[in-house]
Amino acid sequence: MSDPSSVIDDLCRESTELDRLVGELAEARWALATPAPGWTVAHQIAHLAWTDRSALLAVTDAEAFAAEVEKALSAPATFVDEAADAGAGLPPDRLLAVWREGRAALERALRSAPAGTRFPWYGPPMSVASMATGRLMETWAHGQDVADALGVVRAPTGRLRHVVRIGVRARDFAFGVRGLSAPAEEFRVEVVAPSGELWTYGPEDAAQRVTGPALDFCLLVTQRAHRADLAVRAEGADADRWLDIAQAFAGPPGPGRPAGSAPVEAPRGPRTPTEETGR
């Protein structure tokens, strides 16, 4: 992506939408449990604030970020939860201010970064566009957890395209992080956007194919719903295996969500002809 301004704009819009959900919450509602075990609404916002801070360090101070990576490597199974616990202990108004200040600082840093710069990360190095896409994906996914805790149905938007894209691009990472060899051939991915547009990736004649609503694909690759609860379909053994392990986020494999715990039902947009007929 030669000009990352559009994805940075969409990151700001995604953050603003989540801010509207939590900005006026009564203090007691910050303690509501979310679908992530042990995490409250406060934990979700604390995690976003912490990750924004990490991203800001990666963009502005590679040495300081390297120190953060060392901390993560010393406690790979607990460092994310520990950071969320620390932030969730803040008074809600202070936590909200920290999150707002951090994401504004990150936006400024991303917009001013020289073209072509790549930044270190917990996974592969990131370009400006990739960093903004990753932050949008996380904001959307953790925002889904918050929405579920509050009983709010969010209408899907065209911003899901960024989440779909990072999910598709992370295919080989999902295999590799589990010690599996990634398939040699490209997959065809066809998902139906909320607008009804068809978003496509990979060769049109690929034998391995994935189809379904964009929202469902995003819930799958962010591990916000179990595959059994979603209308995402695979053709081919390798594509079928991918849907069992797909993840759009860096770091070790997540446990995912159990079947039957899908988020509050939201409109998924038009279905493909094969979904309409059930074939």
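Relevant structure appears above.
Residues numbered from 1 in each chain as written. Predicted model: local features only at pLDDT ≥ 70, side-chain atom pairs only at ≥ 80, totals over all residues. Heavy atoms only, no water.

Caption draft 1: Examining the overall build of the protein chain more closely. For the protein chain, the count of helices and strands is 11 helices and 6 strands. Relative to the globule expectation of 19 Å for 279 residues, the C-alpha radius of gyration of the protein chain, 18 Å, shows essentially globular dimensions. Taken along the three principal axes of its C-alpha coordinates, the protein chain extends 50 × 40 × 35 Å. Taking the contacts inside the protein chain whose residues are at least 6 apart along the sequence as the reference set, 68% of them involve residues at least 24 apart. When the accessible area of the protein chain is evaluated, it comes to approximately 12800 Å², of which 53% is carbon and sulfur surface. The average position of the 29 basic charges and that of the 38 acidic charges among the side chains of the protein chain differ by 2 Å. (Helix = DSSP H or I, 4+ residues; strand = E, 2+ residues; numbered from the N terminus. Rg over C-alpha atoms; globule rule 2.2 N^0.38 Å. Contact = heavy atoms within 4.5 Å. Areas by Shrake-Rupley, 256 points an atom, 1.4 Å probe, with all protein chains shown as cover. Lys, Arg positive; Asp, Glu negative; His and termini not counted. Charge placed at Lys NZ, Arg CZ, Asp CG, Glu CD.)

Caption draft 2: Quick look at unusual backbone geometry. Unlike most non-glycine residues, glutamine 223 shows phi in positive territory, near 55 degrees. Of note, glutamine 223 is situated in the loop between helix 9 (214–221) and strand 6 (233–235).

Caption draft 3: Spotlight on helix 2 (residues 41–60). With 20 residues, helix 2 extends 29 Å from end C-alpha to end C-alpha; this agrees with the ideal 28 Å at 1.5 Å per step. Taken across its 20 residues, helix 2 has 17 buried, putting it largely inside the fold. Regarding helix 2, its N-cap is threonine 40, as a side-chain oxygen of that residue lies 3.2 Å from the backbone nitrogen of alanine 42 further along. (Expected span 1.5 Å × (residues − 1). Buried < 20%, exposed > 50% of the residue type's maximum accessible area, 1.4 Å probe, protein only. Polar contact = N/O pair within 3.5 Å; in protein donor to acceptor, adjacent residues only side chain to side chain.)

Caption draft 4: Structural detail: the packing of aromatic side chains. Under the defined criterion, the tally for this structure stands at 8 aromatic pairs. The interplanar angle of 25 degrees and the centroid separation of 6.3 Å between the aromatic rings of tryptophan 50 and tyrosine 122 together place this pair among those described as stacked. Pair noted here: tryptophan 50 is in helix 2 and tyrosine 122 is in the loop between strand 1 (118–119) and strand 2 (126–127), with a separation of 72 residues, a long-range link. The exposure class assigned to tyrosine 122 is partly exposed, which follows from its relative accessible area of 26%. Look at phenylalanine 79 and tyrosine 122: their rings are 6.0 Å apart centre to centre, the planes differ by 35 degrees, and that puts the pair in the tilted class. Residue phenylalanine 79 is found in helix 4 (residues 79–88), and its partner tyrosine 122 is found in the loop between strand 1 and strand 2; the two are separated by 43 residues along the sequence. Grouped by ring-pair contacts, the aromatic residues Trp50, Phe65, Phe79, Trp121 and Tyr122 constitute a single cluster. Between the NZ or CZ atom of arginine 171 and the centre of the ring of phenylalanine 187, over which it lies, the distance is 4.3 Å. (Phe/Tyr/Trp six-rings, centres within 6.5 Å; stacked < 30°, edge-to-face > 60°. Lys NZ or Arg CZ within 6 Å of the ring centre and 35° of its normal.)

Caption draft 5: Fine view of the pattern of salt bridges. Within this structure, the stated rule accounts for 21 salt bridges. We note a salt bridge from arginine 103 to aspartate 19, for which the minimum N-O separation is 2.9 Å. With arginine 103 in helix 5 (residues 92–112) and aspartate 19 in helix 1 (residues 5–22), this residue pair connects regions lying 84 residues apart in the sequence. You can call arginine 103 buried: its relative accessible area is 19%. Relative accessible area serves as the criterion here: at 10%, aspartate 19 is assigned to the buried category. With its nearest N and O atoms 3.9 Å apart, the salt bridge here joins arginine 94 to glutamate 101. The partly exposed category is assigned to glutamate 101, whose relative accessible area is 47%. One salt-bridge network, held together by shared partners, links Glu14, Glu17, Arg154 and Arg159. (Salt bridge = Lys/Arg side-chain N within 4 Å of Asp/Glu carboxyl O.)

Caption draft 6: Here's a closer look at the nonpolar core. By size, the foremost hydrophobic cluster in this structure holds 54 residues, and its most contacted members are Met131, Val164, Phe217 and Trp242. With 8 residues, helix 6 (residues 128–150) is the largest single contributor of residues to this core. Not counting chain neighbours up to four residues away, the residues in contact with methionine 131 comprise Ala55, Ala58, Val59, Leu110, Phe119, Pro120, Trp121 and Met126. Grouped together as the second largest cluster of nonpolar side chains are 16 residues, Ala42, Leu48, Leu95 and Val146 included. (Core = buried A, V, L, I, M, F, W, Y, C linked by side-chain atoms within 4.5 Å.)

Caption draft 7: Main features of the environment of histidine 47. When you line up the elements, histidine 47 lands in helix 2. Exposure remark for histidine 47: the relative accessible area of 6% places this residue in the buried category. For histidine 47 and arginine 257, which are 210 residues apart along the polypeptide, the C-alpha to C-alpha distance reads 19 Å.

Caption draft 8: Here's a closer look at the pairing of strand 5 (residues 209–213). Counted residue by residue, strand 5 has 5 buried out of 5 residues, so it is predominantly covered. Taken together, the 5 bridges between strand 3 (residues 188–192) and strand 5 define a ladder with parallel strand orientation. Bridge pairing in strand 5 links arginine 188 to arginine 209. (Pairing = 2+ DSSP bridges.)

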